[in-house]
Amino acid sequence: MSPSVSGKFVSIDGPVFLIVTTHLHNVGLSRIAFDQEASSLGVFEYVPSEDEEIWSVNGSLLASFRVFAGKDRYIEPNEIVERQTLIALPRISTIGYQLEFEVLSDSGYEWRATTIVDKSA
């Protein structure tokens, strides 16, 4: 299984939205059933800590979304499943956001992909 996630900002009549693309490719030879309740897309906002010479960046979970809610229950060998999600942001982070795409199978296997969408994107 090969998951990936990407994101980009888009402004629609003033407000800024985040378009998130999740991509899942079953590179194996077996059909994999998803755990629809546990598979998720997490959106974390990066917040710089203050009072330090070197900034450490902490991720604060803004929202978590189910990615396979009622849609895909499984993926066949060599199949690709891709979804896009439009997310309204409460504000634009001064640094950026981390996206975490987590896929769990009914049999207990887990795959994860993360990416950073920075303010300049």
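Reference entry: report on the structure contained in this document. What you see is a predicted model, and the numbers here were worked out from it, not measured in a lab.

Regarding the environment of Phe17
Tracing the sequence through the fold places Phe17 in strand β2 (residues 16–25). Classification of Phe17 as buried rests on a relative accessible area of 18%. C-alpha of Phe17 to C-alpha of Arg91: the two residues are 74 residues apart in sequence and 9.4 Å apart in space. Excluding residues that lie within four positions of it along the chain, Phe17 makes contacts with Lys8, Phe9, Val10, Ile12, Leu86, Ile87, Ala88 and Leu89.

Let's talk about unusual backbone geometry
In this model, Asp13 sits at a positive phi of 55°, which is unusual for a non-glycine residue. Within the secondary structure, Asp13 is located in the loop between β1 (2–11) and β2. If you check the backbone angles, Asn78 has positive phi at about 65° while not being a glycine. Tracing the backbone through its elements, the reader meets Asn78 in the loop between β6 (74–75) and β7 (80–88). Given the relative accessible area of 58%, Asn78 is considered exposed.

Observations regarding the pairing of β1
Note: β1 against β2, 10 bridges, orientation antiparallel. Counterpart to Ser11 in the pairing with β2 is Val16.

Quick word on the pairing of strand β8 (residues 96–104)
Remark: a regular strand shows side chains that alternate across the two faces of the sheet. Counting buried residues in β8 gives eight out of nine residues, a clear majority hidden from the surface. For strand β4 (residues 40–48) and β8, the ladder comprises six bridges, and the chain directions are antiparallel. Looking at β8, one finds that Ser40 is bridged to Glu102. Here nine bridges tie β8 to strand β9 (residues 110–118), and the two strands are oriented antiparallel to one another.

Definitions and limits used
All chains use their own residue numbering, which begins from 1 and follows the written sequence. Where local features are concerned, this predicted model is filtered to residues with pLDDT of at least 70; where side-chain atom pairs are given and counted, the filter is 80 or more; whole-chain, interface and lining totals use all residues. Side-chain metrics rest on all non-hydrogen atoms present in the structure, leaving aside hydrogens and water. Strands here mean DSSP runs of E at least two residues long; helices mean DSSP runs of H or I at least four residues long; both are numbered from the N terminus. When accessible area is computed with a 1.4 Å probe and restricted to protein chains, residues below 20% of their type maximum are described as buried, those above 50% as exposed, and intermediate ones as partly exposed. The contact definition used throughout considers only heavy atoms, calling two residues in contact when any of these lie within 4.5 Å. Being paired, for any two strands, means DSSP has found at least two bridges between them.

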